[in-house]
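Chain and residue survey
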Amino acid sequence: MLGALSFLGGFRLLAAAGFAALVIALGLLWWRLEAKAKEAAFFEQELKAALVANEDLFRVIENLRIEHQRHINALWSAKHEGERLMQRVEKARGYIETRRQNGEDNITKLFNDLLERLWDE
């Protein structure tokens, strides 16, 4: 009987040690789980901030794209207006040159004809 009691005592000690090890392991796992939950919450906040920043940047890029398109349209319009003006200048210059070759020597009259041709068209 004494052998059986010592066996039960050893078993109880072993069971108590196993239970203590289980409690410690569960405590460590719980601690790691809480740490991971805090880390996940931190990363979730960082992700939300990054998404908000990304949306803001997208809006800024869209506004810049629209402004860029406006500038391109304005440059295109100015280029074509310049080309039309150059055509008018060339026509007026040709007209004045023809008038000069036909014997008109009055510079003031030629200048006034030039201005009239440039601004009346």
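This section reports on the structure supplied with the text.

Rules used throughout
Residues numbered from 1 in each chain as written. Predicted model: local features only at pLDDT ≥ 70, side-chain atom pairs only at ≥ 80, totals over all residues. Heavy atoms only, no water. Helix = DSSP H or I, 4+ residues; strand = E, 2+ residues; numbered from the N terminus. Rg over C-alpha atoms; globule rule 2.2 N^0.38 Å. Buried < 20%, exposed > 50% of the residue type's maximum accessible area, 1.4 Å probe, protein only. Areas by Shrake-Rupley, 256 points an atom, 1.4 Å probe, with all protein chains shown as cover. Lys, Arg positive; Asp, Glu negative; His and termini not counted. Charge placed at Lys NZ, Arg CZ, Asp CG, Glu CD. Salt bridge = Lys/Arg side-chain N within 4 Å of Asp/Glu carboxyl O.

1. What to know about the overall build of the protein chain
When you go through the protein chain residue by residue, the secondary structure sums to two helices and zero strands. Computed over C-alpha atoms, the radius of gyration of the protein chain comes to 46 Å, more than 25% over the 14 Å expected from 2.2 N^0.38 for 121 residues, which places it beyond the range of a compact globule. For the protein chain, the proportion of its 121 residues judged to be buried stands at 7%. For the protein chain, the computed accessible surface area is about 10800 Å², with 67% contributed by carbon and sulfur atoms. Here the protein chain holds 17 positive side-chain charges and 18 negative ones, and the gap between their average locations is 7 Å.

2. A closer look at the pattern of salt bridges
This structure, assessed with the given rule, holds eight salt bridges. A salt bridge links R59 to D56, with the shortest nitrogen-to-oxygen separation between them at 2.8 Å. In this pair, R59 and D56 both sit in helix α1 (residues 2–101), three residues apart, roughly one turn of the helix. On the accessibility criterion, D56 (35% relative accessible area) is partly exposed. In this structure, E62 engages R65 in a salt bridge whose closest nitrogen and oxygen atoms are separated by 2.7 Å. One end of the pair is E62 and the other is R65, both in helix α1 and three residues apart, which spans about a single turn. We classify R65 as partly exposed; its relative accessible area is 46%.

3. A look at the environment of L115
In this fold, L115 is placed in helix α2 (residues 107–120). Overall, the relative accessible area of 31% leaves L115 in the partly exposed class. For the pair L115 and V89, spaced 26 residues apart in sequence, the C-alpha to C-alpha distance is 9.7 Å.

4. Focus on the environment of G94
Locating G94 in the fold gives a position in helix α1. Judged by its relative accessible area of 30%, G94 falls in the partly exposed class. Counting along the chain gives ten residues from G94 to E104, while the straight-line C-alpha distance between them is 14 Å.

The values reported here are purely geometric and, on their own, carry no functional implication.
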